[in-house]
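In case you want the letters, here they are:
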Amino acid sequence: MNIHEYQAKELLKSYGVRIQEGIVADSPEGALEAAKKLNASTGTSWYVIKAQIHAGGRGKGMVNETGSRGVVLAKSLEDVPVKAAGILGGTLVTIQTGAEGKKVNKVLVAEDVYYPGASEPKEYYLSILLDRGRGSNVIMASTEGGMDIEEVAEKHPEKIIKEWIDPKVGLQPFQARKVAFKLGLEGNAFKEMVKFITSLYNAYVGSDAAQFEINPVLKTSDDKILAVDAKVGLDDNALYRQKALAELRDIAEEDPLEVEAGKSGLNYVKLDGNVGCMVNGAGLAMATMDMIKLSGGEPANFLDVGGGANAVTVEAGFRIILQDPNVKAILINVFGGIVRCDRIANGVVEAYKTIGNIPVPIIVRLQGTNAEEGARIIDESGLKVSSAITLKDAAEKVKAAIS
Ligand code: GDP
Ligand code: MN
């Protein structure tokens, strides 16, 4: 689960990580109030207005309706509501949102932290993630902060510092010092960075996060180290014990079909293709998507109905797939291991009858216990459903259905 930047920063702050201070607002008037409060608490007289969406690249992104960027500077109090109005309610398109963009419902009004001083402010990159291959956490850092880190990783892999942390031992003080040293820091900035990395790691572990990305981490002109941006991905499987964080879920940021599927206990991911599929088991679902591609189609979704598929889950699956207007055919691929094929076949027929007229052809491939019996039920149902037992047969039927 992802959370917004303002929520992520509050989380970091609660662990002692220094952040660029800010207050969230959902109207231009609210943004002005926020700026006044910030002025009182931090003394800042310049403000950064930042669109709150679950996607990065906001600084370079553009709001369709107004041409405003997703992150803008306001150099006076009066300018804050004007700049906020250019972002709020608009559709922000960034390299991470896709062409359709994302509607902005909230802005974060933050203090300007790039003020001039003894030295130039400098941007760094810092992330913590799970390295599944090594079974450990990894801190990644770079002096090339603020920019597209994928590009840095590709063109200058030597500029990415990596420090692996054994989760059983935790972050050792020497490791935080090593990263700060490799970033070329010294004096107070070095000490600040060590503190920053240490509290950031505590926040990562304490919140059961799967990914933290702070880009940029800023060294201010007076050698403070703070988080200007914060992208936090939480481990969904740990949300049961992170009740406060689970509350931060913003359904408006998620695909509505995925939200609905979640309510029915279905594991659904929306894709852009024309063949809907419903499968029991994630591995078989992946193989089925490959098969759809081989037959000349494109999968419209990933859908794992789980081991105990029955008429109710099949019906919920149908309803979700059918809401996608791109779907030209539906392929149901079920392996009858725990669940018997005749039961699935009856479930399909029942669900079909409940929903009524399904406008696209359905191919049901059943294999395993009572597969023949299942195929017979499908074929004798009199519905616009065809059965298949082999994968090859199913692929050919899908091909015929979409061409
Ligand atoms: P992203 O584009 O979605 O990654 O959003 P960021 O939070 O990283 O902000 C984008 C850019 O805005 C940063 O890289 C900075 O260059 C700029 N920015 C952020 N905060 C400030 C600030 O306090 N003052 C100034 N002048 N620029 C800022
Ligand atoms: Mn950023």
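The shown structure was predicted, so the numbers you read here are calculated from the model rather than taken from an experiment.

Engineer: An account of the sheet that holds strand β1 (residues 22-25) is requested, with residue identities and associated values reported.
Structural biologist: In space, the 4 strands of this open sheet follow the order β1-β7-β2-β4, with antiparallel pairing throughout. Two strands in the sheet have a free side with no partner beyond their single neighbour: β1 and β4 (71-74). Across the sheet, the mean angle separating the axes of adjacent strands is 25° when strand polarity is ignored. For strand β2 (residues 47-51) and strand β7 (residues 107-111), the ladder comprises 5 bridges, and the chain directions are antiparallel.

Engineer: Residue-level account of the packing of aromatic side chains, with values.
Structural biologist: Per the stated rule, a full pass over the model turns up 2 aromatic pairs. Measuring from ring centre to ring centre gives 5.5 Å for Tyr-204 and Phe-212, while their planes differ by 85°; the resulting arrangement is edge-to-face. Across this residue pair, the class does not change: Tyr-204 and Phe-212 are buried. Members of the aromatic cluster, each reached through a chain of ring pairs, are Tyr-201, Tyr-204 and Phe-212.

Engineer: Tell me what's going on with the nonpolar core, and back it up with residues and numbers.
Structural biologist: In terms of nonpolar packing, the biggest core is built from 41 residues, with Leu-12, Leu-126, Met-193, Phe-196, Leu-200 and Phe-212 touching the most fellow members. In terms of residue count, the dominant contributor to this core is helix α6 (residues 187-206) (10 residues). Residue contacts for Phe-196: discarding those within four places in its chain leaves Val-17, Arg-18, Leu-126, Ile-214, Val-217, Ile-225, Leu-226 and Ala-227. Membership of the second largest hydrophobic core comes to 35 residues, among which are Ile-320, Ile-321, Ile-344 and Tyr-352.

Engineer: Help me get a handle on the domain arrangement of the chain, residues and values and all.
Structural biologist: Domain boundaries assigned for the chain yield domain 1 (21-111), domain 2 (122-246) and domain 3 (256-402). Using C-alpha coordinates to define each centre, domain 1 is positioned 25 Å away from domain 2.

Engineer: Describe the site of ligand 1, and please don't skip the residues or the numbers.
Structural biologist: Lys-50, Arg-58, Gly-59, Asp-112 and Val-113 are the nearest of the 17 residues found near ligand 1. In this structure, Lys-50 approaches ligand 1 through a side-chain N or O atom, which is 2.7 Å from an oxygen atom. Gly-59 has a polar backbone atom sitting 2.8 Å from an oxygen atom of ligand 1. Burial of ligand 1 by the protein amounts to 79% of the accessible area it has alone, namely 570 Å². Most atoms of ligand 1, that is more than half of them, are within 2 Å of grid points of the second largest pocket. Where the shell around ligand 1 is concerned, the elements lending two or more residues are β2 and β11 (209-219). Across the shell around ligand 1, the residue classes tally to 6 nonpolar, 5 polar and 6 charged. When residues of the shell around ligand 1 are sorted by domain, at least three fall in each of domain 1 (21-111) and domain 2 (122-246).

Calculation criteria
- Residues numbered from 1 in each chain as written.
- Chains lettered and ligands numbered in written order.
- Predicted model: local features only at pLDDT ≥ 70, side-chain atom pairs only at ≥ 80, totals over all residues.
- Heavy atoms only, no water.
- Pairing = 2+ DSSP bridges.
- Helix = DSSP H or I, 4+ residues; strand = E, 2+ residues; numbered from the N terminus.
- Axes fitted to C-alpha atoms, helices over the stretch in contact; angles between N-to-C directions.
- Phe/Tyr/Trp six-rings, centres within 6.5 Å; stacked < 30°, edge-to-face > 60°.
- Buried < 20%, exposed > 50% of the residue type's maximum accessible area, 1.4 Å probe, protein only.
- Core = buried A, V, L, I, M, F, W, Y, C linked by side-chain atoms within 4.5 Å.
- Contact = heavy atoms within 4.5 Å.
- Domains from an automatic or database assignment.
- Near = heavy atom within 4 Å.
- Polar contact = N/O pair within 3.5 Å; in protein donor to acceptor, adjacent residues only side chain to side chain.
- Areas by Shrake-Rupley, 256 points an atom, 1.4 Å probe, with all protein chains shown as cover.
- 1 Å grid on protein atoms, 1.4 Å probe; cavity = no way out; pocket = protein on both sides within 12 Å on 5 of 7 lines; lining within 4 Å.
- Sits in = over half its atoms within 2 Å of the grid points.
- Nonpolar A, V, L, I, M, F, W, Y, C, P; charged D, E, K, R; others polar.

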